[in-house]
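Summary of structural features
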Amino acid sequence: MPDAGMSRALLRRYWGWATLFRSAATGLKPTFGIDLAVLAAQFGGGASLAFTWVLAGLLTGVFSRETRYDRPRVVLTWLLAAPSAQLLKEALYGGFRWDDALTDVLMTLVLMLGLRLFEEEGILPPPQ
C-alpha cells in the first residue's frame, strides 16, 4: 500500500491555516459562535484537496518508493488533483472564488514539491 499519509496531513493542515488567514483578512464577524454549515464546508474543502491528491497519486504512482521523488510525476499528479479539487469543492459547496482557487492550486504544488525536497535533504523523514 503506498504511503500518502504525509501528503494528506500536509494538505489538510494547509487548508486549516488558509481558512484561518482568509477569515482574518475579512475582518471581525458580526456574531461569534460556530456555524455548522461553514464548519462542514471548511472540513470538506480540506478533505477535497487531500482526497483528489491521493486519488491522482494512486493513478500516477507517485506514492511508490521508486517514483516518489520523480518531479515530473509529482507535477502530473498536481495537474490532475488541483483542478479536480476545485471542481469538487464547487460542486459540493458552491461559492467559487478565483483568488482562493488560484492560491489553493499553487500551494498544492509548492507543498508537495517542498515535502519531497525536505525528505530528500533529510529535513523530514521519508515514509516507511
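These notes cover the structure that comes with them.

Reading the values: rules and limits
- Residues numbered from 1 in each chain as written.
- Predicted model: local features only at pLDDT ≥ 70, side-chain atom pairs only at ≥ 80, totals over all residues.
- Heavy atoms only, no water.
- Phe/Tyr/Trp six-rings, centres within 6.5 Å; stacked < 30°, edge-to-face > 60°.
- Buried < 20%, exposed > 50% of the residue type's maximum accessible area, 1.4 Å probe, protein only.
- Helix = DSSP H or I, 4+ residues; strand = E, 2+ residues; numbered from the N terminus.
- Expected span 1.5 Å × (residues − 1).
- Contact = heavy atoms within 4.5 Å.
- Polar contact = N/O pair within 3.5 Å; in protein donor to acceptor, adjacent residues only side chain to side chain.
- Core = buried A, V, L, I, M, F, W, Y, C linked by side-chain atoms within 4.5 Å.

1. Things to note about the packing of aromatic side chains
Evaluation of the coordinates by the stated rule reveals 1 aromatic pair. Between the aromatic rings of phenylalanine 96 and tryptophan 98, the centroid separation amounts to 5.0 Å while the plane-to-plane angle is 90°, which identifies the pairing as edge-to-face. A relative accessible area of 35% means that phenylalanine 96 is categorised as partly exposed.

2. Considering helix H4 (residues 98-120)
Owing to its 3.6 residues per turn, the α-helix aligns residues three or four sequence positions apart on the same side. Taking 1.5 Å per residue as the helical rise, H4 with its 23 residues ought to reach 33 Å, and the 33 Å between its terminal C-alpha atoms agrees with that figure. Turning to H4, the residues buried within the fold contact helix H1 (5-25), helix H2 (36-60) and helix H3 (71-93).

3. Some points on the environment of arginine 97
In this structure, arginine 97 sits in the loop between H3 and H4. At a separation of 2.4 Å, a polar atom in the side chain of arginine 97 contacts the side chain of aspartate 99.

4. Details of the nonpolar core
One finds Tyr14, Leu49, Trp53, Trp78 and Met112 to be the most contacted residues of the largest nonpolar core, which totals 20 residues. Secondary-structure elements contributing two or more residues to this core are H1, H2, H3 and H4. Broken down by element, the residue count for this core peaks at 5 residues, all from H3.

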